[in-house]
Amino acid sequence: FPYTSIRGGADLDWKTRPGRYVESGAQVTYSCRVAKSLKEAGRHRYFQRAVFLLDYDDNVLLRSIIDLVTAVNRQALKLKGSSALVLQTLATYKFDEEQSKSTTLDVLTGFQIIDDRMRLIVVEGLKQGAMAHVRDLIEATTSSV
């Protein structure tokens, strides 16, 4: 039987009705290979992006990514205070218009998507700036495997 929390949603065509994906055990599988070395990709672009796919329980790599992003952004935004205060500030930080348009503000931004087994973390920053630290983290991580 159709189930949805949207008023009148049960009358929608099955293709457009919100599904019960978790309850049905639906899965999405995605695999990615790097076509070019991160050092060579996008020579004429200011920014670069790294995508991490890790097990949900891989707290070592997760902590390394969070610590790196926090350290880089603390320095770039000249944030002071305890680590907890800096993390709270970064979680709610809003760039002003000048910062949003800047091609020289050397911060790392990104997002993560989490399910019960995996984390997908995307980190973005200046290719010739803070992303060098991310590349170093990737090389250190992959060389120890």
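Position numbers for residues count from 1 along each chain, tracking the sequence in the order it is written. pLDDT decides what is reported in this predicted model: residues at 70 or higher carry local features, side-chain atom pairs at 80 or more are listed and counted, and totals for whole chains, interfaces and linings draw on all residues regardless. Side-chain measures here rest on the full set of heavy atoms in the structure, leaving out hydrogens and waters.

1. Describing the pattern of salt bridges
Phase 1 of the analysis: For this analysis, a salt bridge means a side-chain nitrogen from Lys or Arg found within 4 Å of a carboxyl oxygen belonging to Asp or Glu. Enumeration over the complete set of coordinates arrives at four salt bridges.
Phase 2 of the analysis: Glu 97 serves as the salt-bridge partner of Lys 101, at 3.0 Å between the closest nitrogen and oxygen. Here Lys 101 and its partner Glu 97 are both found in helix α4 (residues 97-101), four residues apart, which amounts to about one turn of the helix.
Phase 3 of the analysis: Residue Lys 101 is classed as exposed on the basis of its relative accessible area of 61%.
Phase 4 of the analysis: Think of it in three bands: residues with accessible area under 20% of the maximum for their type are buried, residues over 50% are exposed, and the middle band is partly exposed, with areas taken using a 1.4 Å probe on protein chains only. We classify Glu 97 as exposed; its relative accessible area is 56%.
Phase 5 of the analysis: Between Asp 116 and Arg 117 there is a salt bridge whose closest N-O contact spans 4.0 Å. Only DSSP runs of H or I with at least four residues qualify as helices, and only runs of E with at least two residues qualify as strands; both kinds are numbered from the N terminus onward.

2. Digging into the packing of aromatic side chains
Phase 1 of the analysis: Note on aromatic contacts: the rings of Phe and Tyr and the six-membered ring of Trp form a pair at centre separations within 6.5 Å, being stacked when their planes are under 30 degrees apart, edge-to-face when over 60 apart, and tilted otherwise. All chains considered together, the criterion is met by two aromatic pairs.
Phase 2 of the analysis: Ring centres 6.5 Å apart and planes at 65 degrees place the aromatic pair Tyr 46 and Phe 47 in the edge-to-face group.
Phase 3 of the analysis: On the accessibility criterion, Tyr 46 (55% relative accessible area) is exposed.
Phase 4 of the analysis: Phe 47 gets classed as partly exposed once you look at its relative accessible area, which sits at 45%.
Phase 5 of the analysis: Ring centres of Tyr 93 and Phe 95 lie 5.5 Å apart, and the angle between their planes is 70 degrees; this geometry places the pair in the edge-to-face category.
Phase 6 of the analysis: Assessed through its relative accessible area of 30%, Tyr 93 is described here as partly exposed.
Phase 7 of the analysis: On the basis of relative accessible area, Phe 95 is assigned to the partly exposed category, the value being 33%.

3. Examining the side chain of Arg 135
Phase 1 of the analysis: Of note, Arg 135 is situated in helix α5 (residues 131-143).
Phase 2 of the analysis: No salt bridge is formed by the buried Arg 135, whose closest oppositely charged neighbour, Glu 139, lies at an N-O distance of 6.1 Å.
Phase 3 of the analysis: A polar atom in the side chain of Arg 135 sits 2.6 Å from the side chain of Gln 48. For the charge count, each Lys or Arg is scored as positive and each Asp or Glu as negative, with His and the chain ends excluded. Polar contact is the term for a pair of N or O atoms within 3.5 Å; when the atoms are in protein, one must be able to donate a hydrogen and the other to accept it, and sequence-neighboring residues count only if both atoms are side-chain atoms.

4. With respect to the packing of helix α2 (residues 59-76) against helix α3 (residues 83-92)
Phase 1 of the analysis: Here an angle of 0 to 180 degrees is reported between the N-to-C directions of two axes, which are lines fitted to C-alpha atoms, with helices fitted over the stretch in contact. Packing of α2 against α3 brings their axes to within 11 Å, and their N-to-C directions diverge by 85 degrees. Our classification of the angle between α2 and α3 gives roughly perpendicular. Between α2 and α3, the contacting residues are Ile 66, Thr 70, Asn 73 and Arg 74 on the first element and Ser 83, Val 86, Leu 87 and Leu 90 on the second.
Phase 2 of the analysis: In terms of residue class, the contact of α2 with α3 is made up of four nonpolar, three polar and one charged. An angle below 35 degrees is read as roughly parallel, one above 145 as roughly antiparallel, one from 65 to 115 as roughly perpendicular, and any other as oblique. By the convention used here, residues are in contact when the closest approach between their heavy atoms is within 4.5 Å. In this count, Pro and Cys sit with the nonpolar residues alongside Ala, Val, Leu, Ile, Met, Phe, Trp and Tyr, while Asp, Glu, Lys and Arg are called charged and the others, Gly among them, polar.

5. Some details on the sheet that holds strand β2 (residues 109-114)
Phase 1 of the analysis: Only when DSSP finds a minimum of two bridges between them are two strands counted as paired. On the basis of which strands lie adjacent, the open sheet formed by three strands has the order β1-β3-β2 and antiparallel pairing. In the strand order of this sheet, the two ends are held by β1 (47-55) and β2, each with one partner. This sheet shows a mean twist of 10 degrees between the axes of neighbouring strands, independent of strand direction.
Phase 2 of the analysis: Judged from the six bridges that link them, β2 and strand β3 (residues 118-126) form a sheet pairing that is antiparallel. The residue of β3 that forms the bridge with Thr 109 is Glu 124.

6. A few points about the nonpolar core
Phase 1 of the analysis: Phe 52, Ile 65, Leu 108, Ile 121, Val 123 and Val 134 are the most contacted members of the largest nonpolar core, which has 15 residues in total.
Phase 2 of the analysis: Among the elements of the structure, β1, α2, β3 and α5 are those that each provide at least two residues to this core.
Phase 3 of the analysis: Broken down by element, this core gets its largest block of residues, five residues, from α2.
Phase 4 of the analysis: Ignoring any residue separated from it by four or fewer positions in sequence, one finds Phe 52 in contact with Leu 61, Ile 65, Arg 119, Leu 120, Ile 121, Val 123, Val 134, Leu 137 and Ile 138.
Phase 5 of the analysis: We call a set of buried residues a nonpolar core when its members are Ala, Val, Leu, Ile, Met, Phe, Trp, Tyr or Cys and they connect through side-chain atoms within 4.5 Å of each other. Within the second largest apolar cluster, five residues are counted, among which are Leu 79, Val 86, Leu 105 and Val 107.

Nothing here speaks to function; it is geometry throughout.
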